Amino acid sequence: MARFASRHPVWTFIIVLAAAVFLWLIFAPWSAEMEETLGRKRIFLNAIFGGVTLGALYFLVASGFTLIFGLMRNVNLAHGSLYLLGGYLGFEISEFTGSWLIAFPAVFIIVALVGIVLQHQVFRRMDGEDLRQTMVTIGLSVVLADLMLWYWGGQSYTIFAPDWLSGPMTLPIISSIRDSGEIVYLRYPAVRMAILLAAIVIGIGMWLLLNRTRLGMFVRAGVDDREMLAASGVRIQYIFLAVFAFGAGLAGIAGIVGGTFQSLSPGEDTRFLLASLVVVIVWGRGSIPGAAIGALVIGLSEQLGLVYAPTYSVVFTFLIMALVLAFRPQGLLGSAR
Amino acid sequence: MAVIENPDHASGSDAPTRSWYENIAPGWWVLAVIMLFMPAVANDFILFQVFGWTFILGMIALSLMFLAGYGGMVSLIQMSVAAMAGYMVAIFGFSGISDLSLGMPWWVYLPLAILIATIFGTLVGALAVRTEGIYTIMITLAIASAFFYFTRQNYGIFNGYTGFNLVVPPQLFGVDWRAPMPFYYLTLGCATLAYLAVVYVSRAPFGLVLQGIRDNPRRMAALGYNVVAHRIAAYTFASIIAAVGGILLVWQNAQVAPGTAGIPAVIDILVIAVIGGIGRPIGAFIGAIIYVVLSTFAPDFLFSVGLSAERFNLLIGLGFLAIVFFSPDGVLGLWDRWQERRAKRGDPLTGRSDDGGNPL
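Residues numbered from 1 in each chain as written. Chains lettered and ligands numbered in written order. Predicted model: local features only at pLDDT ≥ 70, side-chain atom pairs only at ≥ 80, totals over all residues. Heavy atoms only, no water.

### Some thoughts on the overall build of chain A
What chain A contains, in helices and strands, is 14 helices and two strands. Each of the 337 residues in chain A was classed as buried or not, and the buried ones make up 52%. Restricting the contact set of chain A to residue pairs at least 6 apart, pairs at least 24 apart contribute 70%. (Helix = DSSP H or I, 4+ residues; strand = E, 2+ residues; numbered from the N terminus. Buried < 20%, exposed > 50% of the residue type's maximum accessible area, 1.4 Å probe, protein only. Contact = heavy atoms within 4.5 Å.)

This is the structure:
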């Protein structure tokens, strides 16, 4: 970061300035003129928080996708199906056991097992044939989508959060000031804050795992050059299995999260697959910080777009992608190789 | 074309003296006669729904086959290009939404639709060729879904969720081109032209350079060819075919909506091209007829084995998986291998293998 600052002083200044303005917009009370031009602050704050929470959800899906793609060069286009499968399974398990929390480890394990089967039975059989692997995952996503439609039908499901997470909580952020001088603080659904916190914890955990452990070292080395890693005696197939299982499991629990604060229905699988695709295209493969920033940007642009330019909210995401592709085809954080 | 030696044609010693129609394998003549006289035996449903749809999907899949088979670029944007052409026909021509349709004459809106769709496809291609291999799939899939969401949310131009209905072909020469027999010949003619164009281009210098780039872009660049320009030009050519297919598709359905280029439709085109065989132009049409026959008659079949008709996607998905797993070059690959095995078996007495001949 210090190197970036010394190399690009102007860019650093612009980024810092933008961040400062952004933070000021969030924390400072808005004057009447500002509310007139920008709309009510509560709407803005809700869009920001909605975007960040959505970004957290996208991060859970996209981080597994980008790790798998970065390490194994497998474009797993069935990743969205794993998300949806996880959500449906989470719904069933939480209905069956009556516990929202139990669903998480259970779904993680089941979907991770599905991922292991996928990696072992499908991807390893056609190692090095990128295109064929991609097509197989397209076929798998079609089949899985139809099987899930068969079993769970076309209606949408919502997973209910436990009582201690339901209802709103008050955040120490000023939403508006009444004429009487009374300060109104922002109220936000507690379950979304919990999701956000959990995503941050998982993200930091993944970063630590990748950057501070031996396994993480192998994975990072594999992303850079897997032939050299295999040649230096690491049993790369086990690492592939582990990363695939982890990525799949993460997509699975993201399904529960998505089912809790949005809903599960056929078609959601492609939505999350697309978010993952865009994150990888824009920020380069195999980068966890890239996945985090990318998911955040997509979530924010989607929610802010929804509030301030409803017609074109989806297009913003793809405009960003097209711009990055036009000027930096390898992704913003990707290396040129 | 005369400059390029074609191995198939030049193999015989008397090749220069043979006229062009003698070089065409007899199978093609049989196929042409069958296709031309099909309306005499087939009913309206077969003509319009089965064959019309086959030729249209075949053309769109053919544009993908051209990019993937000769250019090595698996582009999922072709269906969106087709839908774009369909939208343009609805917008510049006539439709049930008279507020948005401009009502231009057919000789204006048809070229305009193809032109705009081609520009769209070329722009996407220009973005997609900046990367390679699986990235191309990812990028074109992302842009295709952006197109889907954009058309679904834009009411000013694309009329949002409902799209345009009552988009019908113009009454040219006093013929109702949407009647089954004229429509059959219209789609047959367009598909044949598209097929011949692809075959011609693949043997023309441009197509040969493109295949060279597919096999080794660095070497072609070293030989002085502009790799990026050739790839973008390939997208342009493929877009024209897809655009014509898209216009026909809209005329057949009489409507165009965001779902025309939704993700399932985009993936169906890939499925069609891969099932047929991505290596040769005819594969696109073989894949299309398999797909159309399956989707037309699968409900009856599924019903007879006790499943609901909605499981069609499962059937097509499993078929696609089986093809990708066991025969990556599609049904054509299966046929080739069967021919090869038959040729290898040879004469039981002499042990000499005879030439398998030139299949379709």
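### A short note on empty space enclosed by the protein
Residues and elements named next belong to chain A. By the definition in use, this model includes one cavity of 30 Å³ or more. Computed from the structure, the largest cavity encloses a volume of approximately 40 Å³. Residue lining of the largest cavity: Met72, Asn74, Gln119, Phe123, Arg124, Asp127, Gln133, Arg226, Gln237 and Phe240, and that is the complete set. Sorting the residues of the lining of the largest cavity by element identifies α6 (100–123) and α11 (236–261) as the ones contributing at least two each. In the lining of the largest cavity, the residues fall into three nonpolar, four polar and three charged. (1 Å grid on protein atoms, 1.4 Å probe; cavity = no way out; pocket = protein on both sides within 12 Å on 5 of 7 lines; lining within 4 Å. Points joined across faces, edges and corners; volume = space filled by probe spheres on them. Nonpolar A, V, L, I, M, F, W, Y, C, P; charged D, E, K, R; others polar.)

### Describing the packing of aromatic side chains
Enumeration over the complete set of coordinates arrives at 20 aromatic pairs over all chains. Seen in terms of ring centroids, Phe91 of chain A and Tyr157 of chain A are 4.6 Å apart; in terms of plane orientation they differ by 65 degrees. Their pairing is edge-to-face. A residue pair is termed long-range when its members are at least 10 positions apart, and Phe91 of chain A in helix α5 (residues 79–97) and Tyr157 of chain A in the loop between α7 (130–152) and β1 (168–177) qualify at 66 residues. On the numbers, 4.8 Å between centres and 65 degrees between planes, the contact of Phe66 of chain B with Phe237 of chain B is edge-to-face. With a gap of 171 residues between them, Phe66 of chain B in helix α3 (residues 44–71) and Phe237 of chain B in helix α10 (residues 227–253) connect regions that are remote in the sequence. (Phe/Tyr/Trp six-rings, centres within 6.5 Å; stacked < 30°, edge-to-face > 60°.)

### What about the interface of chain B and chain A?
Each partner contributes to the interface: chain B provides 34 residues, whereas chain A provides 43 residues. The interface formed by chain B and chain A includes zero salt bridges. Linking chain B to chain A there are one residue pair in polar contact (both at pLDDT 80 or more). Contributing elements (two or more residues each) for the side of chain B that touches chain A: α6 (134–153), α11 (263–276) and α13 (312–326) of chain B. If you tally residues by element for the side of chain B that touches chain A, the top one is α6 of chain B, at 13 residues. (Salt bridge = Lys/Arg side-chain N within 4 Å of Asp/Glu carboxyl O. Polar contact = N/O pair within 3.5 Å; in protein donor to acceptor, adjacent residues only side chain to side chain.)

### Describing the nonpolar core
Among the nonpolar cores identified, the biggest contains 196 residues, and Met321 of chain A together with Phe66 and Trp251 of chain B are the most heavily contacted of them. When residues in this core are grouped by element, the largest group, 17 residues, is from α3 of chain B. Setting aside residues up to four positions removed in sequence, Phe66 of chain B forms contacts with Gly71, Val198, Val201, Phe206, Leu210, Ala234, Phe237 and Ala238 of chain B. By size, the runner-up hydrophobic cluster in this structure holds eight residues, among which are Phe49, Ala56, Tyr188 and Leu196 of chain A. (Core = buried A, V, L, I, M, F, W, Y, C linked by side-chain atoms within 4.5 Å.)

### Describing the side chain of Ser81 of chain A
Relative to the helices and strands, Ser81 of chain A is located in helix α5. When sequence neighbours within four positions are dropped, the list of residues in contact with Ser81 of chain A reads Ser141, Leu144, Met148 and Asp269 of chain A.

### Here we look at the environment of Val266 of chain B
Residues and elements named next belong to chain B. Looking at the secondary structure, you find Val266 in helix α11. Classification of Val266 by relative accessible area gives buried; the value is 2%. Separated by 90 residues in the primary sequence, Val266 and Asp176 have C-alpha atoms spaced 30 Å apart. If we ignore the near neighbours within four places in the chain, the residues touching Val266 are Leu76, Met79, Ser80, Ala144 and Ala261.

### Quick look at α5 of chain A
Residue and element names in this part refer to chain A. The end-to-end C-alpha distance of α5, which contains 19 residues, comes to 26 Å, matching closely the 27 Å that a straight helix rising 1.5 Å per residue would cover. Along α5, 15 of the 19 residues are buried, which leaves the element largely enclosed by surrounding structure. Positive phi appears at Gly98, one or two residues downstream of α5, with a value of about 75 degrees. (Expected span 1.5 Å × (residues − 1).)

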